[in-house]
Amino acid sequence: MKSGKYIIALDQGTTSSRAVLFDALANVVAIEQQEFSQIYPKAGWVEHDANEIWKTQLKVFEDLVAKHVENVSDIAAIGITNQRETTLIWDRNTGEPIHNALVWQDTRTSDYCERLKRKGLETKVRDSTGLVIDAYFSATKIIWLLDNVEGARERAEKGELMFGTMDSWLVYNLTGKKQHVTDMTNASRTMFYNIQDHRWDESLLKVLNIPPSLLPEVKNSAAHFGDFEYQGHMIPITGIAGDQQAALFGQQCFEAGMAKNTYGTGCFMLMNIGKEMQLSDNGLITTVGIALDGKFNYALEGSVFVAGAAVQWLRDGLKIIEKASETEQLAKDVIEAHDVVMVPAFVGLGAPYWDMYARGAVFGLTRDTNYKHLVKATLESLAYQTRDIIIAMQKDAGYELKSLKVDGGAVANNYLMQFQADILQVNVERPAVIESTAQGAAYLAGLGCGLWTLDELSAYRELDAVFEPVMKKEQADKLYRQWQKAVKRTMNWVEDD
Ligand SMILES: Nc1ncnc2c1ncn2[C@@H]1O[C@H](COP(=O)(O)OP(=O)(O)O)[C@@H](O)[C@H]1O
Ligand SMILES: O=P(O)(O)OC[C@H](O)CO
């Protein structure tokens with residue numbers, strides 16, 4: 001490895017923009033972070049202001065460099081990782097978005113999805129993209145923007161507009177509006193990228209009525225995506241991956257059978273399944289896992305839409321906590337059994353249920369229930385949702401996971417981690433660096449610019465803690481049955497107009 005060099009990972013998450021500085025041994029040196037606005041125009045709609053995303057992302061980069069980097073020429077490369085699926089369309093010439101970005105959690109296109117299902121498109125979508133038809137993915141969000149923003153479809157047909165997920169949007173801005181690119185992991189979340197042939201699926205685009213001229217060029221994840229000119233220096237962008245695939249890479253799940261679970265806004269478990277595409281029989285999706293030149297692996301994914309977001313709801317919606325970290329002690333304060341159950345189906349349910357019409361609910365309330373019970377039930381919902389996914393994944397894989405690698409903001413919570421180990425009855429391994437997402441982007445960028453090799457990276461993975469189950473199996477199974485009962489009662493709640 002070359003000393004004296006840095007990699008900067010830009011981690012564009014659902015709730016914040018982060019910039020993370022890594023040294024030449026892939027250690028985290030410093031982090032800058034800024035939250036940005038969550039816009040909820042109607043029930044079930046979630047938007048982001050793309051200009052605010054670009055501004056916060058640039059600001060954290062600038063602050064990081066000003067505080068910690070003496071010579072900009074020491075920045076060997078930039079890696080980008082991002083919330084996936086979030087959909088933006090902007091003007092090719094001015095770079096102005098035609099509308100706020102529609103966030104992955106936005107369910108306004110549920111009825112479009114129903115129509116696609118009624119047209120019998122499920123098998124075609126699944127065989128080509130590995131996905132289920134759901135409002136989660138970019139395709140129906142693009143259709144909504146083209147059909148609802150005045151003049152958009154006409155402009156798109158004339159080639160005047162560009163579509164991109166947040167990685168494309170950042171590269172476009174970083175390169176002075178020169179590059180319109182994405183990587184395979186992000187492309188695989190659109191619902192019209194053929195993950196076997198590695199190309200946009202023309203026949204799906206035709207059925208969906210999405211003009212191909214909107215689409216970015218797709219590259220592998222450690223390609224050269226363009227250059228960012230900063231203070232007179234050209235910094236190459238040599239790594240891009242969707243945040244969950246980046247975390248898979250950051251946790252060094254390089255081989256088939258290795259899995260990780262990331263607890264951020266949502267919760268996403270990915271298992272590397274090797275070079276052969278395998279479809280799930282148990283409600284998971286298949287996606288591009290690792291896409292390097294000469295090394296390509298698929299992953300099975302269980303996507304849970306609301307995890308840390310439920311903790312944010314306690315803070316911003318109910319206002320019963322001020323900081324997410326308070327939840328650990330509040331949950332520990334409740335000594336009695338786990339009889340309050342919270343199902344955070346705020347935006348429907350993702351894997352393995354795929355119910356766009358489910359909504360959140362709290363069960364088991366009694367006269368002595370207080371806010372601490374609700375906090376505890378909220379944390380526990382993350383662990384139960386993870387058990388839902390692990391069961392599906394083990395059935396698909398045909399063997400049992402011996403331990404679970406975790407990362408993401410919410411794994412700082414020791415109560416949650418212990419309860420997770422208890423409810424799964426397996427060890428939960430928390431790494432020293434819980435920023436696996438940024439780490440993955442940095443690994444990719446460093447590979448892309450030749451700062452290190454895959455073999456060198458394998459030497460660098462330190463554990464912070466291993467949580468071992470202490471709860472009896474019978475108790476864990478009983479609690480999980482209670483959870484399953486609660487989930488059933490939240491399903492199919494909202495009625496289609
Ligand atoms: N100590 C904690 N306990 C529980 N949840 C937490 C804790 N710290 C952060 N979180 C939750 O984790 C999420 C932030 O994690 P992060 O990985 O930064 O997410 P994202 O990349 O989706 O923005 C927030 O939703 C927050 O509520
Ligand atoms: O922002 P995160 O970390 O919750 O990740 C969001 C996912 O990429 C959505 O698919």
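Cut-offs applied
Residues numbered from 1 in each chain as written. Chains lettered and ligands numbered in written order. Predicted model: local features only at pLDDT ≥ 70, side-chain atom pairs only at ≥ 80, totals over all residues. Heavy atoms only, no water. Helix = DSSP H or I, 4+ residues; strand = E, 2+ residues; numbered from the N terminus. Rg over C-alpha atoms; globule rule 2.2 N^0.38 Å. Buried < 20%, exposed > 50% of the residue type's maximum accessible area, 1.4 Å probe, protein only. Contact = heavy atoms within 4.5 Å. Near = heavy atom within 4 Å. Polar contact = N/O pair within 3.5 Å; in protein donor to acceptor, adjacent residues only side chain to side chain. Areas by Shrake-Rupley, 256 points an atom, 1.4 Å probe, with all protein chains shown as cover. Nonpolar A, V, L, I, M, F, W, Y, C, P; charged D, E, K, R; others polar. Pairing = 2+ DSSP bridges. Axes fitted to C-alpha atoms, helices over the stretch in contact; angles between N-to-C directions. Parallel < 35°, antiparallel > 145°, perpendicular 65-115°, else oblique. UniProt positions renumbered as here; feature names shortened; annotations may be inferred. Expected span 1.5 Å × (residues − 1).

A. Seen up close, the overall build of the protein. Of the regular secondary structure elements, the protein holds 16 helices and 23 strands. Its C-alpha atoms give the protein a radius of gyration of 22 Å, within 12% of the compact-globule value 23 Å for 497 residues. Viewed in the frame of its principal axes, the protein has a C-alpha envelope of about 65 × 55 × 45 Å. Of all 497 residues assigned to the protein, the portion counted as buried reaches 61%. Residue pairs at least 24 apart in sequence account for 72% of intrachain contacts in the protein once pairs closer than 6 positions are excluded.

B. Structural view of the site of ligand 1. Taken together, the neighbourhood of ligand 1 is formed by 16 residues, with Thr15, Arg18, Thr265, Gly308 and Gly409 sitting nearest. At 2.7 Å from an oxygen atom of ligand 1 is found a side-chain nitrogen or oxygen belonging to threonine 15. The separation between an oxygen atom of ligand 1 and a polar side-chain atom of threonine 265 is 2.5 Å. Calculation on ligand 1 without its partners gives an accessible area of 580 Å², and the protein chains cover 85% of this total. Examining the composition of the shell around ligand 1, we find that four residues originate from one element, helix H10 (residues 308-317), more than from any other. When the residues that make up the shell around ligand 1 are grouped by side-chain class, the tally is four nonpolar, eleven polar and one charged.

C. Highlighting the sheet that holds strand S13 (residues 226-230). If you trace the six strands from one edge of the open sheet to the other, you get S3-S2-S1-S5-S14-S13, paired in mixed fashion. Every interior strand has two partners, whereas the edge strands, strand S3 (28-35) and S13, have only one. Averaged over all neighbouring strand pairs, the angle between strand axes comes to 25°, with direction disregarded. As paired elements, S13 and strand S14 (residues 233-242) share five bridges and run antiparallel to each other. Each residue of the ladder has a partner; that of aspartate 227, found in S14, is proline 236. Sheet contacts for helix H1 (residues 50-68): strand S1 (6-12), strand S2 (16-22), S3, strand S5 (75-82), S13 and S14; angle to S2, the most-contacted strand, approximately 30°.

D. Quick look at the packing of helix H9 (residues 243-250) against helix H14 (residues 436-448). Two elements in contact, H9 and H14, have axes whose closest approach is 7 Å; the angle formed by their N-to-C orientations is 75°. On the basis of their axis angle, the class for H9 and H14 is roughly perpendicular. Packed against H9, whose contacting residues are Asp243, Ala246, Ala247, Phe249 and Gly250, the element H14 presents Ser436, Thr437, Gln439, Gly440, Ala441, Tyr443, Leu444 and Leu447 at the interface.

E. Quick look at the side chain of threonine 287. Position of threonine 287 among the secondary structure elements: in strand S17 (residues 285-292). Side chain to side chain, threonine 287 and serine 188 meet in a polar contact 3.0 Å long. Only 3.0 Å separates the side chain of threonine 287 from the side chain of arginine 189, close enough to count as a polar contact.

F. Structural view of the UniProt feature "binding site: ADP" (unreviewed entry) in the protein. According to UniProt, the positions carrying the feature "binding site: ADP" (unreviewed entry) are Thr14, Arg18, Thr265, Gly308, Gly409 and Asn413. In this structure threonine 14 touches Phe36, Gln38, His48, Gln83, Val103, Trp104, Gln105 and Thr265, once residues within four positions along its chain are discounted. Its place among the elements puts arginine 18 in strand S2. For arginine 18, a relative accessible area of 18% gives the class buried. Beyond its immediate chain neighbours, meaning those up to four positions away, arginine 18 contacts Ala9, Leu10, Asp11, Ile31, Glu32, Gln33, Gln57, Val60 and Glu435.

G. View of the pairing of S5. Burial of S5 is extensive: eight of the eight residues sit out of reach of the surface. Pairing of S1 with S5 involves seven bridges; the strand directions are parallel. Looking across to S5, one finds that aspartate 11 is bridged to threonine 81. Where S5 and S14 come together, five bridges link them in parallel fashion. Its bridge partner lying in S14, isoleucine 80 is registered against isoleucine 240.

H. Quick look at the site of ligand 2. The immediate surroundings of ligand 2 are formed by Gly13, Thr14, Gln83, Arg84, Glu85, Trp104, Tyr136, Asp243, Gln244, Thr265, Gly266 and Phe268. Side-chain polar atom of glutamine 244 to an oxygen atom of ligand 2: 3.3 Å apart, as the coordinates give it. Within the backbone of glycine 266, a nitrogen or oxygen atom sits 3.4 Å from an oxygen atom of ligand 2. Considered on its own, ligand 2 offers 300 Å² of accessible surface; in the complex 94% of this is hidden by protein. In terms of residue class, the shell around ligand 2 is built from three nonpolar, six polar and three charged.

I. Focus on H14. Along its 13 residues, H14 runs 18 Å from first to last C-alpha, staying within 8% of the 18 Å computed at 1.5 Å per residue. With respect to burial, H14 is a largely interior element, eleven of its 13 residues being buried. Turning to H14, its buried residues number three or more, namely Ser436, Thr437, Ala438, Gln439, Gly440, Ala441, Ala442, Tyr443, Leu444, Ala445 and Gly446. A positive phi of about 80° marks glycine 450, the residue just after H14.

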